Amino acid sequence: MSRPLPKAGRYALRAASLAAALGVWQLLTSLDIDLWLRFSQFPTVADVARAFAERLSGPDYWTDLTDSLTRILTGFLLAAVLGVATGVLVARSRLAEDLLGPVLEVIRPVPAIALVPVAILLFPSNEQGIVFITCTAAFFPVLVSTRHAVRALTPVWEEAVLTMGGGRWRILASVVLPGALPGIFGGLSVGIGVSWICVISAEMISGQYGVGYRTWQDYTVVNYAGVFVGMVTIGVLGWLTSTAVELLGRRLTRWLPRTSYDTGGRPRSARAAVTAVTAGDPGTPATTPKTEEARDEHLV
């Protein structure tokens, strides 16, 4: 069995993986390798780095960055609020499910980028249309995840609140939303990635300024190094925003038992591991009824 790497070793391994990918890219493009794939058409890593440095020194790059971030954050925050509210409503109310469910299920398979003509006709400005497309892209992953998370909640917690005299709003605040948070943040993590895909595509089609708009303009003037600058920027921004959503989700769900991995690669609950070691059997996870009872009381 292999020993787990320390945190510093894991970061070093990730950095080495990225460096190896960049090295392969530089090697294939500098040698003009043309087998089945035509790497001779690609700029080298050095070309992209020089173009990136030139772009950073000009004002257009930061204007594009600000515009794209404003669009993505506005659309995503709207989608998060509307998606969570609609998901809870549909999961908790049969009337809402009957009224909204068919309409939502018909619209959900339509790609958000296919709504560009609708946004152009519907909104007076391209800016509002791009935010609408971004919001629509993130709305449905959040809605579906929230709906499934709320429906999966055990009714015991709700009955406990009712027994103690709590009403609907107390159930919503103390049981439904905390219990559904893991599922909600799963939908938010998916939604932020889909939002980036759609906002960049919308900027390419009908935007003015923005990372997607600038990337498409570089392609039209055959500035392939500039195209890769845009791709790298999109990738870094997407990674940062996804990481921010994940970290926020972890902080808001600190009360959940976390899963760690032993040296054999088997998942085990952190609480179960402590209990098992205390009992003298490190290979067999176990939880006590007292731990489960305390967890339920915390949720209520």
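Everything numeric in this text was worked out from a predicted model, so none of it was measured.

**Things to note about the overall build of the chain**
Across its full length, the chain holds twelve helices and two strands. Taken from the N to the C terminus, the helices and strands of the chain come in the order α-α-α-α-α-α-α-α-α-α-β-β-α-α. Considering only intrachain contacts with a sequence separation of at least 6, the fraction spanning at least 24 residues in the chain is 65%. Here the chain displays about 18200 Å² of accessible surface, and carbon together with sulfur accounts for 66% of that area.

**Some points on the nonpolar core**
The nonpolar side chains of a soluble globular protein tend to be buried, and buried together. In this structure, I133, L188 and W196 are the most contacted members of the largest nonpolar core, which totals 50 residues. For this core, the secondary-structure elements that each account for two or more residues are α2 (45–56), α3 (59–92), α5 (116–122), α6 (126–151), α7 (155–163), α8 (168–206) and α10 (224–252). Per-element accounting of this core gives the leading share, 14 residues, to α8. Setting aside residues up to four positions removed in sequence, I133 forms contacts with A112, L115, V116, A119, C198 and A202.

**Here we look at the pattern of salt bridges**
Tallied over the entire structure, the rule returns nine salt bridges. E127 is the partner of R71 in a salt bridge, and the nearest nitrogen-oxygen pair spans 2.9 Å. Pair noted here: R71 is in helix α3 and E127 is in helix α6, with a separation of 56 residues, a long-range link. When its relative accessible area of 1% is taken as the criterion, R71 is described as buried. On the basis of relative accessibility, which here comes to 37%, the residue E127 falls in the partly exposed class. A salt bridge links E105 to R147, with the shortest nitrogen-to-oxygen separation between them at 3.3 Å.

**Focus on the environment of L69**
Relative to the assigned elements, L69 resides in helix α3. Its relative accessible area of 27% is what places L69 among the partly exposed residues. The sequence separation of L69 and T241 amounts to 172 residues, and the corresponding C-alpha distance is 9.7 Å. Sequence-distant contacts of L69, defined by excluding residues within four places in its chain, comprise W196 and L237.

**Some points on unusual backbone geometry**
One non-glycine residue with positive phi stands out, namely D32, at about 55°. With respect to the helices, strands and loops of the structure, D32 is situated in the loop between α1 (7–30) and α2. Of note in the backbone geometry, V222 takes a positive phi value of approximately 60° without being a glycine. Inspection of the secondary structure puts V222 in the loop between α9 (211–220) and α10. Overall, the relative accessible area of 53% leaves V222 in the exposed class.

**Here we look at α1**
Given a rise of 1.5 Å per residue, 24 residues ought to cover 34 Å, and the 35 Å separating the end C-alpha atoms of α1 matches this to within 8%. Positive backbone phi, at 55°, marks D32, one or two positions downstream of α1.

**Considering the packing of aromatic side chains**
All told, the structure shown has ten aromatic pairs when counted by the stated rule. Between F52 and Y61 the ring centres are 5.8 Å apart and the planes differ by 55°, which places this aromatic pair in the tilted class. Its relative accessible area of 11% is what places Y61 among the buried residues. One aromatic cluster is present, built from ring pairs that chain together W25, F39, F42 and F228.

**Observations concerning the side chain of S195**
Here S195 shows up in helix α8. Beyond its immediate sequence surroundings of up to four residues, S195 is in contact with I72, F76, T134, A137 and A138.

**Details of the environment of R214**
Counting through the fold element by element, R214 comes out in helix α9. Spatially, the C-alpha atoms of R214 and G230 are 7.3 Å apart, while their sequence positions differ by 16 residues. Contact partners of R214, with chain neighbours within four places excluded, come to R55, D60, D64 and Y209.

**A few points about the side chain of S68**
With respect to the element layout, S68 can be found in helix α3. A relative accessible area of 0% means that S68 is categorised as buried. Setting aside its immediate chain neighbours within four residues, S68 contacts W196, E203, G210 and V211.

**Digging into a nonpolar patch on the surface**
Where nonpolar side chains cluster on the molecular surface, the patch consists of L89, L95, L99 and L100 and spans about 390 Å² of accessible area. Residue contributions to the nonpolar patch peak at three residues, all from helix α4 (residues 94–107). Among the structural elements, L100 can be located in helix α4. Judged by relative accessible area, L100 falls into the partly exposed class, the value being 35%.

Reading guide: rules and limits
- Residues numbered from 1 in each chain as written.
- Predicted model: local features only at pLDDT ≥ 70, side-chain atom pairs only at ≥ 80, totals over all residues.
- Heavy atoms only, no water.
- Helix = DSSP H or I, 4+ residues; strand = E, 2+ residues; numbered from the N terminus.
- Contact = heavy atoms within 4.5 Å.
- Areas by Shrake-Rupley, 256 points an atom, 1.4 Å probe, with all protein chains shown as cover.
- Core = buried A, V, L, I, M, F, W, Y, C linked by side-chain atoms within 4.5 Å.
- Buried < 20%, exposed > 50% of the residue type's maximum accessible area, 1.4 Å probe, protein only.
- Salt bridge = Lys/Arg side-chain N within 4 Å of Asp/Glu carboxyl O.
- Expected span 1.5 Å × (residues − 1).
- Phe/Tyr/Trp six-rings, centres within 6.5 Å; stacked < 30°, edge-to-face > 60°.
- Patch = residues over 30% accessible without salt bridge, like charges linked within 9 Å, V, L, I, M, F, W, Y side chains within 5 Å.

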